[in-house]
Structure formats: C-alpha cells, structure tokens
Amino acid sequence: MFRAVINYRGNSSTTFGGKIFATLFGLVFAGFGVLFCVLIFRDASAGLQTWRWTETPCTITASDVIRQNIGKRDGDEFAFAVKYTYTAKGREIVSQQYQLQPASSDDYARMARLSERYAVGAKTICYVNSNSPDTAVLARYNLWTLFLFLFPLPFMGFGALVAYSVWQSPSSRPSSLSAQAVPAKNKSAGIVKCSFFLLIGGVALYFLFLHPMSKVIVARSWPAVPCNIISNAVKSHSGSKGTTYSINIFYSYDFNGHPHKSNAYDFMSGSSSGYAGKQAVVSQYPSGTKAICYVNPNDPTEAVLMRGQSSMMWFALIPLVFVAIGGGGLIAVLRQRSGNPASAGSPASSPTTTSPTPETLVFKPSAAPWKMFIGAIFVCLLLNGLIVLFAFKWRPLDAFILLPLITFGCFGLISYGSVIYYFLALFDPRPHLTIQPGAVALGDSLHVQWTLTGNVSRLKNLQLRLTGREEATKGHGKNAVTATSYFANLEIANTALQREMQRGEACLTLPVHLVPSFDAPSNKIIWTIYVLGEIPRWPDVKQEFPITILPAQPAAAQSI
Amino acid sequence: MNSLHIKTDGDQTTFSPGIEISGTATWQLDQSPAQIELRLFWFTSGMGNEDIGIHQTISFDHASRQDSRPFRFQLPAAPCSFDGQLTTLNWALELVAGSGKEVARLEIIIAPDGTPPKLERLPHVKQKKSFFELGSHR
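Since the model is a prediction, treat every value here as computed from it, not as a measurement.

J.: How would you explain the environment of S252(A) if you had to name every residue and give the values?
T.: Residue and element names in this part refer to chain A. Relative to the helices and strands, S252 is located in strand 8 (residues 244–255). Take S252: its relative accessible area is 17%, and that puts it in the buried class. For the pair S252 and S262, spaced 10 residues apart in sequence, the C-alpha to C-alpha distance is 6.4 Å. If sequence neighbours within four positions are ignored, S252 has contacts with C227, N228, I230, H260 and K261.

J.: An account of the pairing of strand 13 (residues 430–436) of chain A is needed here, citing residue identities and associated values.
T.: All names here are of chain A. Pairing between strand 12 (residues 361–363) and strand 13: three bridges, direction antiparallel. Residue pairing for strand 13: L361 is matched across the bridge by I435. As paired strands, strand 13 and strand 15 (residues 445–453) are joined by seven bridges and run antiparallel to one another. What sits directly across from R430, in strand 15, is T453.

J.: Got a sec to walk through the nonpolar core? Specific residues and values, please.
T.: Counting 64 residues, the largest nonpolar core has L464(A), L466(A), I529(A) and L95(B) as its most contacted members. One finds I93(A), V128(A), A136(A) and L138(A) within the second-largest nonpolar core, a separate group that totals 23 residues.

J.: Please provide a residue-by-residue account of the sheet that holds strand 18 (residues 503–509) of chain A, values included.
T.: Residues and elements named next belong to chain A. Taken in spatial order, the four strands line up as 12-13-15-18 in an open sheet, and their pairing is antiparallel. The open sheet has two free edges, formed respectively by strand 12 and strand 18, since each of these has just one partner strand. Geometrically, the sheet is characterised by an average inter-axis angle of 15° between neighbouring strands, direction not taken into account.

J.: Let's hear about the pairing of strand 3 (residues 20–28) of chain B: which residues, and what values?
T.: Regular strands place side chains that alternate from one sheet face to the opposite one. Residues and elements named next belong to chain B. Note: strand 1 (residues 3–8) against strand 3, six bridges, orientation antiparallel. Residue pairing for strand 3: S3 is matched across the bridge by Q28. Here strand 3 runs beside strand 6 (residues 66–74); their pairing, made up of nine bridges, is antiparallel. Note on strand 6: the bridge partner recorded for T26 is S68.

J.: Which residues make up unusual backbone geometry, and what values go with them?
T.: Leaving glycine out, the prevailing phi sign among residues is negative, and the prevailing peptide bond configuration is trans. In this model, Q436(A) is joined to P437(A) through a cis peptide bond whose omega is -10°. Along the chain, P437(A) turns up in the loop between strand 13 and strand 14 (439–441). Each neighbour pair has its own omega, and for A78(B) with P79(B) the value is -5°, a cis peptide bond. Here P79(B) shows up in the loop between strand 6 and strand 7 (82–83).

Thresholds, definitions, all that
Residues numbered from 1 in each chain as written. Chains lettered and ligands numbered in written order. Predicted model: local features only at pLDDT ≥ 70, side-chain atom pairs only at ≥ 80, totals over all residues. Heavy atoms only, no water. Helix = DSSP H or I, 4+ residues; strand = E, 2+ residues; numbered from the N terminus. Buried < 20%, exposed > 50% of the residue type's maximum accessible area, 1.4 Å probe, protein only. Contact = heavy atoms within 4.5 Å. Pairing = 2+ DSSP bridges. Core = buried A, V, L, I, M, F, W, Y, C linked by side-chain atoms within 4.5 Å. Axes fitted to C-alpha atoms, helices over the stretch in contact; angles between N-to-C directions.

Below, the structure written as structure tokens:
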C-alpha cells in the first residue's frame, strides 16, 4: 500500500532540472503579467498627461456618428467624429480629437450619445496641451482604466512566488513540526480563493444575465415605434477560439420628432458561435423594409428590435456555477473548525471526544432518500436540459457534435434511471434508532433499539452493523481525494423475523483494542451504525447513523 | 553550534494516557533565544494530509544561551497513538528555539498497553463502497 508522510518542511526532493523548469514556468507566468502591466502603463502614462493639460473653453462645430469598416471582419463599425475650435496663445485652433484614442464602437447608441452630448454649437471645455497648443482633447483619460492594473497582478505574484519558493532552501524554513499546527494561513487562502470565484462569477452574472434581464423587464413598458431598416448583416468577429458572429441590423426611427438610429437587436451584447440562427434572424429584417422597434423613453438613443429574453440569456447563467462554488466554498471555509491552535500552558481542543455524553441518543430516519431523489432530479434536468439546448443550438448536427451528444445522451438515460430508483426508494420502510449510552466507550456495551415505520412486510432481511473506518484526505479543495479503509464490521443484529424486523433491540460489547472516534481535518476515524433492509426487486433500505465511540475507561484499558 | 535535547525521566518513551510525565529540556545556543518552548503535540502521518494538534506548551522564560530546565506534562486521555492502514497517529515532544529553525523532537507513544493498536484492513470489505457491500460479504 502506498504510504507517504506529507513533507511540509521543504522541497529537498525536487531535482535541479525540476527547479529550473519551475523557475522558468514562474518567470514566464510573471513575465506575462509584467508585459500586460507595461502595455497598460504605456497607455496610462500618455493618458494621465491629459490631466495636466489646461482647461480651455471651446465650441463644437461638427458632431456626427460615422460608419466605418462596413463588411469588414474586424474593427468597430461606428466612430464619433467631432470638430471643435478653441483659442490658445492668441490664435484660434481647430481640433478633431475626442480623446487620445479614437472613440469607436460596434454599438451605435454609445457613439450617438457622445454626438448628442457634444452637439453642434455647444459650448464646452476642452483640454489643451500647454507644450503643444495644437493638441487638445474633449475628454481626459478615464481614471477607472487604472483598475486594469489589478488584472496582471495575480499573474505576477503567482509567477514570482513559484520562482522564489522553488529555490528557498529547506533550512531557511522552520523545521518545527508543531509550528505547522496553526492553520490560519490555509483558511485565509481559502477565503481569498472563494471570494475571487464569487467576485468573478458575480460580476459576470451581473453583466451577462442580471443587467440584460433587468432591461428586458423594464422594456416591457417601452413604446413600440416604426423603424426603417438601413442594413442587415451577420457580423463576423475573429477570436483566439475561432470566428464568432453577431446580429447587426442597422435601423432608423423617429421619437418625439427627433431622428435616431440604432443597431441593437436585443439586450445581449457580444458575439457567439453559430451562424445559421443569426442569419435566420437577420433575414427577417431586409434592408429598406419597415419594422417595429422599442425605444427607451428616457434615453431615445437606446432602442431594440427584440425586447424579450433571448436563448443566449440562459447560457449567460453559467457564471452561476462560479457564484455557487465561490459562495458555497466561502461558507464552508468560514464554518470550518479552526484546528488546534497552540496556547501556552493550556490544553487545546482534542480531536477525540472524552467529555460526558447524553444517556440516550435518538436517531430519526435521515432525509437522505429525499436528498438523493431531489439531487437525481436536478442532475437529470441539468444534463438533459443541456443536451436539448446544445442539440438545438448546433443544428444541423454534424459528426463532431453528434458523438459527444450521444455520449451525454447515454448519461442522460442513466440519470432518468436514477430518478426512478430514488423515487422508489422513498417508499422504503424508515428506521428509527435509539442507542444507549449516547456515546459508548471501547470495552463497554452498546444497547440499540430500532423501529421500522412503513411497509415492513416487504423486507426479506434486516441487518444492523457497527462499522469503523479510517478516512484520509490528500490534497485540498477540488483536488482533494479521500481514501477509506474499514477496520471494524461488527454485527449488532441480523434477523428475518417479521416481528423483530419491525421492532427490536440488541446489545453489542465493543472490543477494547480498537480506536475511538477521531476527527481531525484530513484524517478521521468514523464509527457508524448501518441499517440494511433487503427488499426483493426494489431499492433496499440503506441508512447510516454516525455515532461517537469514546476511549476505553482506564479500568477496561488496564484489563487488556 | 546549536544543540537542543529533550530527556524524559528514565528515558521512557511509552506512556499510558492521562498520566503525568516529567523530564529535562537542555539547550546550548550561539545566542540567547528570544523565546524557547517545549510543546506536547500529536501529528498524523500516512496517506492523507498531515494533521497536527498541540496539546500543551511550556514557555521557558528568561532563557539563557545555555540552560537546562525541568518540565512536567499531564498527558491527555485521548487521542492515543494508533497505527492504521491510512493514518498513523503519533505523539511527540518538541523543543523549539526562536522562530522554529532550531528544534529537538522526541517521539513518544501514548497507549493503554504500551503498544499502539494496529488497524487491519478488512479483506472482505470492498473499500470506498457503501455499506451494502459490507453486509453482503459477511
């Protein structure tokens, strides 16, 4: 059997080649972070200069949204074109620069809002470079952009940590084993990790689902307005994972006597794979035809052709998985027992119970059958729902899609079977146990009384057993693997008599040479009473009741 | 040259749970330690992650560079040492100087009969399986 002592105190086993590889890995990782930082800094350093430029009155002389890159795969389709005049060093100067970077977008409404804000004839403020008065901007560098620096930091930190720690000699670390007893650091790391998942999931969920969904709800009261379709196309976008597509229908409409334009089809932005579905939508809006769009009365630059939910919105629920993992993990970490901290002069809490326990312990039937049934329904709905969604999304199905779909389909069928199995198990007789004493010491007698409710006549046989097992967990979080080894399997009762199966009692004297319950974070000794009722051609009664076994009393221990 | 040493009375390393043990901690260090402690603790070894718990700590105040101090610990009633297939529970005394780089450790056994119980894997039980396989093999 594999046995190993986890080495917390050094990495002396790492070969020189391994250290070089780990160092290079860390440096490359950190290097990417540094590269991103340099790129961000390059833009930021130029942009931040604009905050030192002189505020100067100016007048807008031209303002429009222009179309560009029409039919091209890459590049934004709309740009804000502006012209304004200002006076610097005694002469009138004309500038066309909105920001240091040109303002462009695939969203017409964004550019239209800029055009409305800087309407022709408007008096506003521009910022003039004192060293070069011919250079000016209408909008200074957006300081929120500086938060981009936060993204490469984890890469840099992780890479640097890997490269540093691999060369840290074991002797430079504490060689005290007992010093490892304070797990506060692990808990903090868990909180940070889970919070990160929760944050990323929450932000993605907001932008991909909650925000569009709130728009869908609000848009129910938006007025329907006739609009003219100017152009229609499925726009292609090149990406690292292949080409993606978006619906791009450009249309004009009048609202409150003012002409407007928009290219928003629905409230989902971005692009995705799947050309055919988008082409089908685009074909419904030929150029030159009339259609109905829905206009935001508070901001008439905002309009959509389809104000309901789109199928893409349900895919946008995927970040919920991150929220669930992060939130669930955070709760688990916060509820985690904080180990056995060293406290000078006073005994720490023990992983083995020795304190007095209740005289009697009553176990009601666990909710496990219901939990299993609900879990099976959830898995079945999720699995089969995804299969149906994917099957519709990727029509027509080719071999590459069909093969994984068939595989998933098999699991889908199994999940139906499990739902039926756990549904039938709900009608099994339910065991109620009473044990005396509530926690029994090794060498003492355990008295068990049981009652089965429900249709006991279907039972062929009933067994109650006391089992002891070791559980050892290696790794942490999602990489954790738990091994189990049973060392005790003691029969409490085994009967086929109808009357005894319905109600009975038995006594078991525990061997003194075994070990009591032990509950440390990664290593446990677990004692349970199992109830097994055999039912022919039906899911068996299977319930497990954990109990506490105490250390042997001194008198019993001495009699070994 | 730093040296730390733990000695129990009678050089005993096997004890019954709940009894009091005593001995002497001795050290000779290059410089006076800011802090020196003797810890009685348990730790696991085996297949899983290492779990460690300190039962009791004695801090030696005003420790000089070279010193010898008596100690006395009340052993706990549990957990006792055991030797499982996946996990072994060990007990030890550890003398730790400063930040923990200078250490002396003495492993001890706490067991009612002096021998840690050995947990044998039940051969007829399918490991990692539910109870229902357990019963049917008996």
